Amino acid sequence: MNPYVLTILLSSLGLGTVLTFASSHWLLAWMGLEINTLAIIPIMAQQHHPRAIEATTKYFLTQATAAAMILFASTTNAWLMGEWEIHQLSHPLATTTVMLALALKLGLAPVHFWLPEVLQGLELTTGLILSTWQKLAPFALMIQVAPTINSPLLVAIGLLSTLVGGWGGLNQTQLRKILAYSSIAHLGWMVLILQFAPSLTLLSLSLYIIMTSSAFLTLKTNNALTINTLATSWTKSPTLAALAALVLLSLGGLPPLSGFMPKWLILQELTKQGLPLSATLAAMTALLSLYFYLRLCYALTLTIYPNTLTATAPWRLNFTMITLPLSIITILALGLLPLTPAVTAMLTL
């Protein structure tokens, strides 16, 4: 792609998200979401591959549907209640419709079906943008409207997403689909605590972005798309393979890694709010996710190069990829747990 065109598209991507962040009016927020969607579509379709085109079409249709639902809900609220402000969303029909529309935009269960299919058709860099940056604008809106949404609905969507995210990834061999189901599960944890402690949702979202970025950049560096090709990583770069296994365990939420912090604090907060059953169910669904992370760790570190591998063997050329972002993000994804007391002190301010 022409660098000037790519610069314009990435600038529009940033502009759409910032516009949604800064808006207090539903029409401006909707406009930001639309700019965001329209900017990423050429980036997704730049491969000119049938799968990429199919993924782009599916993404466009789902995002357009969600945007239409948001516009319908905000117009309904303005018609019935006379308010266009995001904070003044008060009609039950409007709040429920907006919640479902934002769930569709994010890929939360039960409207998650597009996310694994779309992510599977994209290259890893575009998949990284879709899994991280594209979640920010809908989450900003969701945090603003969360106080007006029915609490059992949010908890049900959160628990269902953690269950679907864990269950769906069990039988997958494609790494992009596994990361898509991982995304669904993590978003479920964030929605689960959204109404009780929005600051914990932001903490969880920040750590999710760090860990997912590290996972995607590691796969990009190793040029791995399936579990079988992941098995070749150890011979190419043992240090990176060992760190990648730790990043996956951090995504699974194992101590003493960074990913344990948000799960620990969320379970603690749910128990404080008198929801021990929801906390128990969420912790049990996290075990499902942990199983497929352990599968990936096993393929990374404990298996030898398979003779029947269909992928082409990589040449040992001089390494030209910039690894500084991967190094910084991997350190953050592994070593933030000791900062938990400082984080909890900041959250209670």
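Residues numbered from 1 in each chain as written. Predicted model: local features only at pLDDT ≥ 70, side-chain atom pairs only at ≥ 80, totals over all residues. Heavy atoms only, no water.

A few words now on the side chain of Q63. By the element assignment, Q63 lies in helix α3 (residues 50-81). Excluding anything up to four places from it in sequence, Q63 contacts T37, L104, K105 and W114. (Helix = DSSP H or I, 4+ residues; strand = E, 2+ residues; numbered from the N terminus. Contact = heavy atoms within 4.5 Å.)

Core analysis: the largest hydrophobic core is formed by 66 residues, its most contacted members being V118, L130, L175 and M261. Excluding its chain neighbours within four sequence positions, the residues that come into contact with M261 are L203, L207, L336, L337, T340 and V343. (Core = buried A, V, L, I, M, F, W, Y, C linked by side-chain atoms within 4.5 Å. Buried < 20%, exposed > 50% of the residue type's maximum accessible area, 1.4 Å probe, protein only.)

Summarising the element assignment, S90 is placed in the loop between α3 and α4 (92-106). Overall, S90 belongs to the partly exposed group, its relative accessible area being 42%. Between the alpha carbons of S90 and V145 there is a distance of 9.2 Å; along the sequence they are 55 residues apart.

For the pair helix α8 (residues 151-168) and helix α15 (residues 276-301), interaxial distance at closest approach is 7 Å and the crossing angle is 20°. Classified by the angle their axes make, α8 and α15 are roughly parallel. Once α8 is placed against α15, the crossing between them reads as left-handed. Of the residues in α15, those touching α8 at V155, L159, T162, L163, G165, G166 and W167 are S278, L281, A282, T285, L288, S289 and F292. Split by residue class, the contact of α8 with α15 holds eight nonpolar, six polar and no charged. (Axes fitted to C-alpha atoms, helices over the stretch in contact; angles between N-to-C directions. Parallel < 35°, antiparallel > 145°, perpendicular 65-115°, else oblique. Left-handed = near helix turned anticlockwise from the far one by under 90°. Nonpolar A, V, L, I, M, F, W, Y, C, P; charged D, E, K, R; others polar.)

To continue, consider the environment of L122. Relative to the helices and strands, L122 is located in the loop between α5 (114-120) and α6 (124-131). For L122, a relative accessible area of 1% translates into the label buried. The spatial distance from the C-alpha of L122 to the C-alpha of M44 is 6.5 Å, given a sequence separation of 78 residues. Those residues within four positions of L122 in sequence are excluded, and the remaining contacts are M44, Q47, A55, G127, L130 and R176.

What follows concerns a nonpolar patch on the surface. Nonpolar side chains collect at one region of the surface, where L38, F60 and L61 lie side by side and expose about 290 Å² of accessible area between them. Along the chain, the position of L61 falls in helix α3. (Patch = residues over 30% accessible without salt bridge, like charges linked within 9 Å, V, L, I, M, F, W, Y side chains within 5 Å. Areas by Shrake-Rupley, 256 points an atom, 1.4 Å probe, with all protein chains shown as cover. Salt bridge = Lys/Arg side-chain N within 4 Å of Asp/Glu carboxyl O.)

Let us look at the side chain of S278. Here S278 lies in helix α15. Not counting chain neighbours up to four residues away, the residues in contact with S278 comprise V155 and L159.

As a further point, take the UniProt feature "domain: NADH:quinone oxidoreductase/Mrp antiporter transmembrane" (unreviewed entry) in the protein chain. Under the UniProt annotation, the feature "domain: NADH:quinone oxidoreductase/Mrp antiporter transmembrane" (unreviewed entry) is placed at residues 23-288. As annotated, residues 23-288 comprises 76% helix and 0% strand, and the C-alpha atoms at either end are separated by 38 Å. (UniProt positions renumbered as here; feature names shortened; annotations may be inferred.)

Throughout the structure, instances matching the rule amount to three aromatic pairs. Consider the rings of F292 and Y293, whose centres lie 4.9 Å apart with planes at 55°: the pair is tilted. On the basis of relative accessibility, which here comes to 0%, the residue F292 falls in the buried class. For the cation-ring pair, K263 lies above W189, with the distance from its terminal atom to the ring centre recorded as 5.3 Å. (Phe/Tyr/Trp six-rings, centres within 6.5 Å; stacked < 30°, edge-to-face > 60°. Lys NZ or Arg CZ within 6 Å of the ring centre and 35° of its normal.)

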